[in-house]
Amino acid sequence: MTSKPENILTSQTPDNDWYRKRLMVAVWFIIPVFAVLLLRLFYLQIIEGDTFRKLSENNCIRLQTIDPPRGLIFDRNGILLVDNRPSYDLGLVVRDASPLDITVQNLSSILMLPENEIMELIHAKNHKHHSPYNATLIQSNIGRNTLAYLESNRYSLPGIVVDVRLRRQYVYPHLASHVLGYIGEINSGELKGEAFADYRPGDVVGKFGVERSFEVILKGQRGGRQIEVNSSGRLVNVLSTVTSVPGQNIYLSIDKSLQEKAETLLSDATGALVAMNPNTGHILALASSPTFDQNAFIDGMSQEEWDGMIKNPMRPLLNKAIQGEYPPASTYKIICAIAGLEDGVIDERTTFFCPGHLKYGNREYRCWKKGGHGTVNITDAIAESCDVFFYQTGLKLGVDRLAFYAKAFGLGSRTGIQLDGEAGGLVPTTLWKKRKTGVLWQGGETLSVAIGQGYNLVTPLQMAVVMSAIANGGFLVTPLIVNRIENADGEVVDAVQPVMRGRIPLKTKTMQLVQKGLWEVVNGNAGTARIAKINGIDISGKTGTAQVFSRKSGSVEKEDARAQHLKSHAWFVAYAPSASPQLVVSVIVEHGEHGSSAAAPIASELIETYLHTVVR
Amino acid sequence: MFDRRLIQYFDWGLAAITAALIASGLSTLYSATRADQINPQNLIFYRQMIWYGIGLGVMIVSFLFSYRKVDHYAYGCYWLCILLLIAVLLFGRYVAGSRRWLILGPISIQPSEVMKLGIIILLSRYYSRIGTVHGLIFRDLVIPILLISIPCLLIVLQPDLGTAIMILLIAGSMTIFTGIEKKTLIYLLVFGAGACPVAWHFLKGYQKQRILTFLTSDSDPLGAGYHIIQSKIAIGSGQLFGKGFMKGTQNALSFLPEQHTDFIFSVLAEDWGFWGSVGVLLLLLLIVVWGLNIAHGCREPFGVLMAFGISTLIFWEVVINIGMVMGLMPVVGIPLPFISYGGSAVVLMMTSVGLLLNISMRRFMFE
């Protein structure tokens, strides 16, 4: 820039000469930068060229990944449920295996595999990243004897690599199969998702249960190393290593012995069971029957075995405790009773006369007891499960007020347990029906809903939450499946704290009446679950018999005359000891006919086991 | 409208350099994709040919009309690019952890590539109006900084940190070229340095991790670091005369990552050796200097700034890409102009050359 006066006289807008000077500066900036690039090129290609040429001739810098061990899973007392066991996989690096035909011949005799099968594996074109420097898997999980033999005959087998991998092992096959879940190879659909951005084809990933919902915790962090190999593929130097971080270990809230007991009790039935601490929401047992052997998913199963599992009408792969949606049947009367008492449409002095049916409109709605219960009050109605009493209560409330209380107890939405695929159930309202079917709510439908037999759907876990709220004084718990998470060094990373979803503000009187009714179900003279009574332990509960086949049709055929798949589901939900509850149990037995006979004994035996043996 | 002088002043030199670069690019691409096992033989090569065909058309269009029209539509171009960037965040295809491609029927475009030219045109227009010999003061820079931040932010969200930095480099170069008052420049630098730790504080853990990985990428022995080693082996093993066209072994055995896009220079250096790589590097230097010379010959601030902006675009891409494959820079997804595979990049470069030709042939013509 020249002197100032000149600038004042001329324009302040830059002219061409001004820009041109700046452009010259730019050229002087650019040239040295390119000179640096040229010098670097000279260094790499001329000075270090020989070294790099040699490295490229052997192609000897390779990358090996180090897979971290997946986190282990324990029960609440530290009993190992899911483990990793070493497995030796034999692979062949084709480029290093020369002469190839002789190596294959030798391998064939050692492994007792036909030569052409080995050649087929080598030539399989389905490897996307197929490179002659990557090992082709010949046989996985070779035995220790084969391994020793291979090692001692290495000189005659150039190019073989034995990869030690950890295989997932479910220590007690079938035990808690729906809680633990299983793992499998990641599929192309999962790979496309954003959640699996850092996964590669061939990686394993949790597919079901805790294995899936705690994938992030269990998987750990992959490591790897850059290695230099010689011309026959043997490692000569490790250039750098990134250590892998093992997955974290999970301590479930499940008690292995109680889980075993629950599964034994359910073993002859199709159904589900949830046992939970009503004060914290910790799940002590969660069983779904029939179970399956998780190890079958690791070893690989045949098409028939797989078909057998998915086509089985008893649906073994479904976790019925959280994914099975059933009509709640008479267990819903607890909700109906609370709604009636809280809303003031009934109180402790309210009585209804049950002649065995209720006429509504031009139809007759029957009580399960043909002769009727006579005059009943609220506690009798719960204890004896009188349908007419709750028809009347439901009519006074209307379906929407009933739904309000059902939702307050968490029905109609997921409980939030950390297991995938949980179902939310259904709480019908007039609005819901209008939206869903376009047809207005019919008064008679309220009657069915009041005894849990209409559109209502619940999961066994949701009913366990409802019973917990009654047992713990109105707190809505979030069921917990995990007690704590530890890292591989045994330090607690996450001590899972109980989570309350809220408190249902119920009157003390309501609580007392319902609790009394539930106590009488088991302990009263006319209770529907007297069969479940155990000496020394006070159990409170409620039976339910969920009809699969409509009773309203007027047919009078006997239950046991029906085909198995038309028989009713049996429910029993309970807590014990009645005075200071420590355990809530929710049981459903599909097509078990009567809650009292099929489900209640299972619950009471489990409670007995827990209070007599597990607790101490 | 058509003027005979346009043919008279046509910049044959620039056209020749471009043709030479395209020829070396296509032959390297042919060599780089011969070992590709996922795509059928040379599908990528033929796609690139088609892109150059399209690019040629766009180039001709972009020098037929006067570049002064670009000045007129500068803001429209800019906001269109911004719209594309928003669209890619909403509807873009998710590939390997980011959203960069917008699928439009049979073709997919990368709006962040287009944005590079968008920001050059916008800043050329803006600075050509406000530039003074005393340099810009802070008040002048408020709007440009805002207009630069919007696309940068949108590109970081994809996330594509490399291209965002690229846009900052182009915009920064153009701003400094226009001239900033000394005190303002110092304040800006101090403010920028001070803002980094504050911004860092607001970033989430994984975002911090992403930036750290980016800055130290060549030290990651399993990812970028491994790629750099293989790339250095490929380049170095080319030695003086190279292994010969299509004879590179690192490339053939798929040891090179992204050998037809970001790492294509390693294929070239392995095949052609020091002489070949120096030749291409000099061609690239020549086109940058040629662009600056076009700016030198132009008599309007808008034309000067645009020619300068395009030259810096080519300059920074070359330096970052070649610096990266030789292990001098962090690993960033920046293509090598004229050589790397990529439709959007090809069309962008051809448009840029078209605009340079445009400015060059109208340097003696005024409206």
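Counting restarts for each chain, with residues numbered from 1 along the sequence as it is written. Lettering for chains starts from A, numbering for ligands starts from 1, and both go in the order in which the items are written. This being a predicted model, a pLDDT of at least 70 is required before a residue's local features are given, and a value of 80 or more before pairs of side-chain atoms are given or counted; all residues contribute to the totals for chains, interfaces and linings. The side-chain figures draw on all heavy atoms in the structure; neither hydrogens nor water molecules are used.

### Brief notes about the overall build of chain B
Next up, step 1: Every helix listed is a DSSP run of H or I at least four residues long, and every strand listed is a run of E at least two residues long, numbered separately from the N terminus. In terms of regular secondary structure, chain B is built from 15 helices and three strands.
Next up, step 2: The contacts of chain B with a sequence gap of at least 6 include a subset with a gap of at least 24, amounting to 77%.
Next up, step 3: Every accessible area reported is derived by Shrake-Rupley at a probe size of 1.4 Å, with residue values counting cover from the shown protein chains alone. Total accessible area computed for chain B in this model is approximately 15400 Å², and 70% of it derives from carbon and sulfur atoms. The contact rule is simple, with two residues in contact once any of their heavy atoms fall within 4.5 Å.

### Some remarks on the pairing of strand S12 (residues 283-289) of chain A
Within a regular beta strand, the side chains point alternately toward one face of the sheet and then the other, so they alternate between its two faces.
All names here are of chain A.
Next up, step 1: Relative accessibility thresholds used throughout: buried, under 20% of the residue-type maximum; exposed, over 50%; partly exposed, between the two (1.4 Å probe, protein chains only). For S12, a buried count of seven out of seven residues is recorded, marking the element as mostly surrounded by other parts of the structure.
Next up, step 2: Pairing of strand S11 (residues 271-276) with S12, which is carried by six bridges, proceeds in the antiparallel orientation. Residue Ala-275 lies in a different strand from S12, and its bridge partner there is Ala-285.
Next up, step 3: Counted along the chain from S11 to the antiparallel partner S12, the turn is six residues long, and its residue Gly-281 has a positive phi close to 90°. Criterion used throughout: strands pair if DSSP finds at least two bridges between them.

### Concerning the environment of B:Val280
Residue and element names in this part refer to chain B.
Next up, step 1: Among the secondary structure elements, Val-280 is positioned in helix H13 (residues 264-297).
Next up, step 2: Along the backbone, Val-280 and Leu-21 are 259 residues apart, and their C-alpha atoms lie at a distance of 7.2 Å.
Next up, step 3: Among residues more than four places away in sequence, those in contact with Val-280 are Leu-21, Ser-24, Leu-268 and Ile-339.

### What to know about the sheet that holds strand S9 (residues 235-242) of chain A
Next up, step 1: The strand order S1-S8-S9 (chain A) describes an open sheet built from three strands, whose pairing is antiparallel. Of all strands in the sheet, those bounded by a partner on one side alone are strand S1 (61-66) and S9 of chain A. Pairwise comparison of adjacent strand axes, ignoring direction, gives a mean angle of 30° for this sheet.
Next up, step 2: Each axis is a line fitted through C-alpha atoms, taken for helices only over the stretch in contact, and angles between the N-to-C directions span 0 to 180 degrees. Sheet strands touched by helix H11 (residues 224-237) of chain B: S1 and strand S8 (223-229) of chain A. Its angle to S1(A), the strand with the most contacts, is close to 165°.

### Section: the pattern of salt bridges
Next up, step 1: Note on definitions: salt bridges are taken to be side-chain nitrogens of Lys or Arg within 4 Å of carboxyl oxygens of Asp or Glu. Counted under the stated rule, the structure contains 25 salt bridges over all chains.
Next up, step 2: For A:Arg70, the salt bridge identified is with A:Glu215, shortest N-O distance 2.9 Å. Taken as a pair, A:Arg70 in the loop between S1 and strand S2 (73-74) and A:Glu215 in helix H10 (residues 215-219) lie far apart in primary sequence, 145 residues in all.
Next up, step 3: With relative accessibility at 6%, the residue A:Glu215 sits in the buried group.
Next up, step 4: Between B:Glu300 and B:Arg68 there is a salt bridge, and its shortest N-O distance comes to 3.0 Å.

### Concerning the packing of helix H3 (residues 43-64) of chain B against helix H15 (residues 343-361) of chain B
All names here are of chain B.
Next up, step 1: Look at H3 against H15: their axes get within 8 Å of each other, and the N-to-C directions meet at 25°. Here H3 lies roughly parallel to H15, going by the angle between them. When you trace H3 past H15, the crossing you get is right-handed. Residues Gln-48, Trp-51, Tyr-52, Ile-54, Gly-55, Leu-56, Val-58, Met-59, Ser-62 and Phe-63 of H3 lie in contact with H15, whose contacting residues are Gly-343, Val-346, Val-347, Met-350, Thr-351, Val-353, Gly-354, Leu-355, Leu-357, Asn-358 and Met-361. Each angle is binned into one of four classes, with values under 35 degrees roughly parallel, values over 145 roughly antiparallel, values of 65 to 115 roughly perpendicular, and all other values oblique. A clockwise turn of the near helix away from the far one marks a right-handed crossing, whereas an anticlockwise turn of less than a right angle marks a left-handed crossing.

### So, the confidence of the model for chain B
Residues and elements named next belong to chain B.
Next up, step 1: pLDDT is a per-residue confidence score from the predictor, ranging from 0 to 100. For chain B, mean pLDDT is 86; residues scoring 70 or higher make up 90% of the total.
Next up, step 2: Put simply, helix H12 (residues 249-252) is where chain B has its lowest mean pLDDT, 64, and helix H14 (residues 301-325) is where it has its highest, 94.
Next up, step 3: Taken over the whole predicted complex, pTM reads 0.70, whereas the ipTM for its chain interfaces reads 0.91.

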